[in-house]
Amino acid sequence: MSEVKIALKVNDLDNVATIFANDIVDGTEVEVRDRHGNLEKMTVIGDVPYGHKIAVRDIRKGEQITKYGQEIGLASCDIRKGEYVHVHNIESMRGRGDWEKAKKEAHE
């Protein structure tokens, strides 16, 4: 019997979940669990280190990335459900002074 690989979606607003397992490689099946006890099996796209994120739904380029209920950046490209989410596909807007403008443009 294989070990269950877990990812946690902490806040209802989150569009990413954090991986809490080792050896997550492209094609690994994980259980995404939320705070209500719901779970969804998902196939991971890419190799994902422990503590890093995967998308829990498709995310469009320019869309806000939300983790733990907080905005952490904008998608720099389209991101597929299950795909590894990190600096290669997120643009951080904090500290640049144009965060509010970028959020507004992403929602137009």
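The structure we're discussing is the one just above.
What this report covers is the structure whose coordinates are included nearby. Quick caveat: nothing in here was measured; it's all calculated off a predicted structure. (Residues numbered from 1 in each chain as written. Predicted model: local features only at pLDDT ≥ 70, side-chain atom pairs only at ≥ 80, totals over all residues. Heavy atoms only, no water.)

Take the nonpolar core next. In terms of nonpolar packing, the biggest core is built from 13 residues, with Ile19, Ile24, Val30, Val32, Val48 and Ile54 touching the most fellow members. Formed by 8 residues, the second largest nonpolar core is a distinct cluster that contains Ala55, Ile59, Ala75 and Val85. (Core = buried A, V, L, I, M, F, W, Y, C linked by side-chain atoms within 4.5 Å. Buried < 20%, exposed > 50% of the residue type's maximum accessible area, 1.4 Å probe, protein only.)

Another aspect to go through is the sheet that holds strand β4 (residues 39-43). Taken in spatial order, the 6 strands make up an open sheet running β4-β3-β1-β2-β5-β8, and their pairing is mixed. Of all strands in the sheet, those with a lone pairing partner are β4 and β8 (84-85), marking the two edges. As paired elements, strand β1 (residues 6-9) and strand β2 (residues 16-19) share 2 bridges and run antiparallel to each other. If you follow Ala7 over to β2, its bridge partner there is Ile19. (Pairing = 2+ DSSP bridges. Helix = DSSP H or I, 4+ residues; strand = E, 2+ residues; numbered from the N terminus.)

Pairing is antiparallel in the open sheet, where 3 strands are placed in the order β6-β7-β9. Two strands lie at the open edges of the sheet, namely β6 (64-67) and β9 (90-91), each paired on one side alone.

Tracing the sequence through the fold places Glu83 in the loop between β7 (70-75) and β8. One polar contact links the side chain of Glu83 to the main-chain amide nitrogen of Arg80, over a distance of 2.9 Å. (Polar contact = N/O pair within 3.5 Å; in protein donor to acceptor, adjacent residues only side chain to side chain.)

As for its position among the elements, Thr28 is in the loop between β2 and β3 (29-34). By relative accessible area, Thr28 is classed as buried at 14%. When the C-alpha positions of Thr28 and Thr43 are compared, they lie 5.6 Å apart, and in sequence the two are 15 residues distant. From its side chain, Thr28 meets the backbone oxygen of Val25 in a polar contact 2.7 Å long.

The geometry of an aromatic ring pair is captured by the separation of the ring centres together with the interplanar angle, meaning the angle of the planes. Under the criterion given, the structure shown has 1 aromatic pair. Plain terms: the ring middles of Phe20 and Tyr50 are 5.8 Å apart, the flat faces sit at 85 degrees to each other, and that makes the pair edge-to-face. Here Tyr50 lies in the loop between β4 and β5 (53-55) and Phe20 lies in the loop between β2 and β3, a separation of 30 residues in the sequence. Given the relative accessible area of 35%, Phe20 is considered partly exposed. Here Tyr50 falls in the partly exposed class, since its relative accessible area comes to 47%. (Phe/Tyr/Trp six-rings, centres within 6.5 Å; stacked < 30°, edge-to-face > 60°.)

As a further point, take a nonpolar patch on the surface. Taken together, Leu8, Val10, Phe20, Tyr50 and Tyr68 make up a surface patch of nonpolar side chains, about 450 Å² in accessible area. Tracing the backbone through its elements, the reader meets Val10 in the loop between β1 and β2. (Patch = residues over 30% accessible without salt bridge, like charges linked within 9 Å, V, L, I, M, F, W, Y side chains within 5 Å. Areas by Shrake-Rupley, 256 points an atom, 1.4 Å probe, with all protein chains shown as cover. Salt bridge = Lys/Arg side-chain N within 4 Å of Asp/Glu carboxyl O.)

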